[in-house]
Amino acid sequence: MRGKLMFLTGLAAGFVLGSRAGREKYEEIRANAQKIWENPTVQEAAGVAQAQANKLYSEGKDKIQSSKLGEKLSTTGTTGSTTSSDSTDELLAPSDSLAGSKGSTSTGTTY
């Protein structure tokens with residue numbers, strides 16, 4: 001299923017970038033993509049994927065911190081360098097910019 005989705009995404013991107021159909025066709029494709037993105041099922045799947053990514057990030061971070069490598073990284077040297085615990089503790093994901101705003105693109109660029 002993932003392979004099909006990637007193929008269709010590539011196909012759509014290739015069509016949009018290589019098409020000579022013009023702005024009208026681009027706007028139609030963009031509107032359809034926005035409808036799909038705003039679909040509650042798609043939003044739910046995106047939320048599940050984000051939750052899984054956050055969980056995996058936390059588990060991996062905990063494993064590294066509890067390992068010998070993590071212990072070496074978290075100790076401060078005699079120079080007073082900062083520790084790895086000063087880094088971001090939470091995976092930051094982009095907000096649902098398409099879910100709440102109409103007419104914006106996912107990249108924020110206008111064409």
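The rules we used
Residues numbered from 1 in each chain as written. Predicted model: local features only at pLDDT ≥ 70, side-chain atom pairs only at ≥ 80, totals over all residues. Heavy atoms only, no water. Helix = DSSP H or I, 4+ residues; strand = E, 2+ residues; numbered from the N terminus. Buried < 20%, exposed > 50% of the residue type's maximum accessible area, 1.4 Å probe, protein only. Contact = heavy atoms within 4.5 Å. Areas by Shrake-Rupley, 256 points an atom, 1.4 Å probe, with all protein chains shown as cover. Expected span 1.5 Å × (residues − 1). Salt bridge = Lys/Arg side-chain N within 4 Å of Asp/Glu carboxyl O.

**Q** Just to check I follow, could you spell out the overall build of the protein for this structure?
**A** Regarding its fold elements, the protein presents five helices and zero strands. Buried positions account for 5% of the 111 residues belonging to the protein. Long-range pairs, those at least 24 residues apart, make up 60% of the contacts in the protein with a sequence separation of at least 6. Carbon and sulfur atoms make up 61% of the accessible area of the protein, which totals about 9200 Å².

**Q** Is there a simple way to explain helix α1 (residues 2-18) in this structure?
**A** Along an α-helix, residues three or four positions apart point the same way, because every turn accommodates 3.6 residues. Under the 1.5 Å per step criterion, the end-to-end length of α1 is 24 Å for 17 residues, consistent within 8% with the ideal 24 Å. By the criterion of burial, α1 is predominantly exposed, with just zero of the 17 residues buried.

**Q** Is there a simple way to think about the environment of E71 in this case?
**A** With respect to the helices and strands, E71 occurs in helix α4 (residues 68-74). E71 sits in the partly exposed class, given a relative accessible area of 46%.

**Q** Before we go on, may I ask you to explain the pattern of salt bridges in this structure?
**A** Any two side chains of opposite charge can pair, so long as their charged atoms come close to each other. In total, this model carries two salt bridges according to the counting rule given. The shortest N-O distance in the salt bridge between E28 and K25 comes to 3.6 Å. Of the two residues, E28 and K25 both sit in helix α2 (residues 23-38), three residues apart, roughly one turn of that helix. Among the residues examined, K25 registers a relative accessible area of 31% and is labelled partly exposed. Taking the shortest distance from any N to any O, the salt bridge between E27 and R30 comes out at 3.2 Å. One end of the pair, E27, and the other, R30, are both in helix α2, three residues apart, so they sit about a helical turn from each other.

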